[in-house]
Amino acid sequence: MSTDASNEIRLAAESAASRAAETAADVPGQEPGNQSSPRRKGLSERDRPLWMLIPGGFLMIIIIVVPLVLGIYMSALDLDQYTLRKWISSPFIGVENFVEAVTASPLLNAVWLSVSYSLIAMVVTLPLGIAAAVATQNAFKGRAVIRSVFLIPYVLPSFVVATVWRTMFQPEGIIDRALGTFGIDAGLWLNGPESFWTLVLVQIWASWPFIYLLALSGLQAVDHEVHEASALDGALWWNKLRYVVFPYLKGPLALAFLIGMLHHINNFTLPFVLFGVPAPADVEVLPILTYVTSFQSFRFGLSAAMAFISLVLIAIPLFIYLRAVKLDDAESPGAKK
C-alpha cells in the first residue's frame, strides 16, 4: 500500500473519531468516547397512570365490597320472614346472631364435617393425582387419549356428577347390585352415617384430576438433563421421585392442596344435588347449613352471620399460604429486601 493511501485512511479515521467525540459532548451526562444512546428513564411510582385502575376498582367495589358490607350489616339485624319486608329498619341486635350461631346452632358440627371431609378427600386425591401425572409424563402410544379420559371427571359440571352418582347410589341401584354379587349388603348410601363416606367418595372422583393437572404442570418444569444425570448415576425409581421429582412438585402441590380444600369447603352444588334438602345430619356441611337456615328457616340474619364466620375460616389458611409465599420470595436470591 502506498504512503498517500495510508495517510488518507489515517486522516479519515481521525475525522470520524473527532465527529463522534463532538456528538458525545453534545449529549448531557454522557462521557466522550461513550457512544451508547442515553437510557430512557422509566415511569416512577408517582408518574404511573393509576387512573387506569378505576374501572376494575369500581367493579370490585360493586361486586365484592358492597355485598360483603351488606352481609355484615344483615348479620347484626334480627332479620327473618316477619321483618324482611322492612329489612333496613329491622331490630339491631349486634353480635347476638354470631353468639347464637356458635352456641345454639349446628355450626360447629358443620365446620367439623366440612373440614374433615375436605381433608380426607385431599389426602386421597394427592397421591392419585401424582401417580397419574407420573404415569402419563413420558410419551407413549395413546397418551393423549388417556390424558383426555383422566380429565372427564373434572370437566363435567358438579350437578351432572351429583345426579349420576345419586342414581347409582339409590337402593337397588347399580352399586348395590354390584356389591350384592359378592354377598355384601351396603345399606343406605344417601342417608345415615354412610352418607358422609358417600360424599367423600364422590368428591374424590370429581376432584382428583385437578391435582393431576397441577402435578403434571410441575413435572414439565423438571429439566431433562436432571433425569439423564440421575439415570447415569443409577438412581432407583423411588430415589428419583424423592430427590428429583418431588422437590419440583412442592409449590404446585401446596397450591393445589389449598385451592382444593377451599373448593371442597365451599362446594354447595355437589351435596345439595346428591342428598337434597334437608340433607342428612352427617353431611350437613357449611354451605348446606347456611342455605337451610336462610331459605327454609328464614333466619336471614343468622345465616348471614354463619356466612361471615365461614368467610373468616376460609381466609385463615389463605392468609397463611400467601404469607408463606411472600416470605419464600423474600428469601430467594435477588429478591428485594
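Residues numbered from 1 in each chain as written. Predicted model: local features only at pLDDT ≥ 70, side-chain atom pairs only at ≥ 80, totals over all residues. Heavy atoms only, no water.

1. A look at the nonpolar core
Link 1 in the chain: Counting residues in hydrophobic clusters, the biggest one holds 25 residues, and the most contacted among them are Trp165, Phe169, Leu199, Val202, Leu274 and Phe275.
Link 2 in the chain: Among the elements of the structure, α4 (107-135), α7 (158-168), α9 (194-219), α12 (269-275) and α13 (286-295) are those that each provide at least two residues to this core.
Link 3 in the chain: Take this core: its biggest share by element is six residues, from α9.
Link 4 in the chain: Of all hydrophobic cores here, the second largest spans 19 residues; its members include Ala133, Leu214, Ala215 and Leu216. (Core = buried A, V, L, I, M, F, W, Y, C linked by side-chain atoms within 4.5 Å. Buried < 20%, exposed > 50% of the residue type's maximum accessible area, 1.4 Å probe, protein only. Helix = DSSP H or I, 4+ residues; strand = E, 2+ residues; numbered from the N terminus.)

2. Some details on the packing of α4 against α9
Link 1 in the chain: Where α4 contacts α9, the two axes come as close as 6 Å, and the packing angle between them is 45 degrees. Considered as vectors, α4 and α9 are oriented oblique to each other. Regarding α4 and α9, the two cross each other, and that crossing is right-handed.
Link 2 in the chain: Taken together, the residues of the contact of α4 with α9 sort by class into 23 nonpolar, five polar and no charged. (Axes fitted to C-alpha atoms, helices over the stretch in contact; angles between N-to-C directions. Parallel < 35°, antiparallel > 145°, perpendicular 65-115°, else oblique. Left-handed = near helix turned anticlockwise from the far one by under 90°. Nonpolar A, V, L, I, M, F, W, Y, C, P; charged D, E, K, R; others polar.)

3. Some details on the packing of aromatic side chains
Link 1 in the chain: Tallying each qualifying case throughout the model produces 14 aromatic pairs.
Link 2 in the chain: Geometrically, the ring pair formed by Phe169 and Trp189 is tilted, given 4.9 Å between the ring centres and 40 degrees between the ring planes. Residue Phe169 is found in the loop between α7 and α8 (174-180), and its partner Trp189 is found in the loop between α8 and α9; the two are separated by 20 residues along the sequence. Summarising the burial analysis for this pair, Phe169 and Trp189 share the class buried.
Link 3 in the chain: Within the aromatic cluster, the residues linked to one another by ring pairs are Trp165, Phe169, Trp189 and Trp205. (Phe/Tyr/Trp six-rings, centres within 6.5 Å; stacked < 30°, edge-to-face > 60°.)

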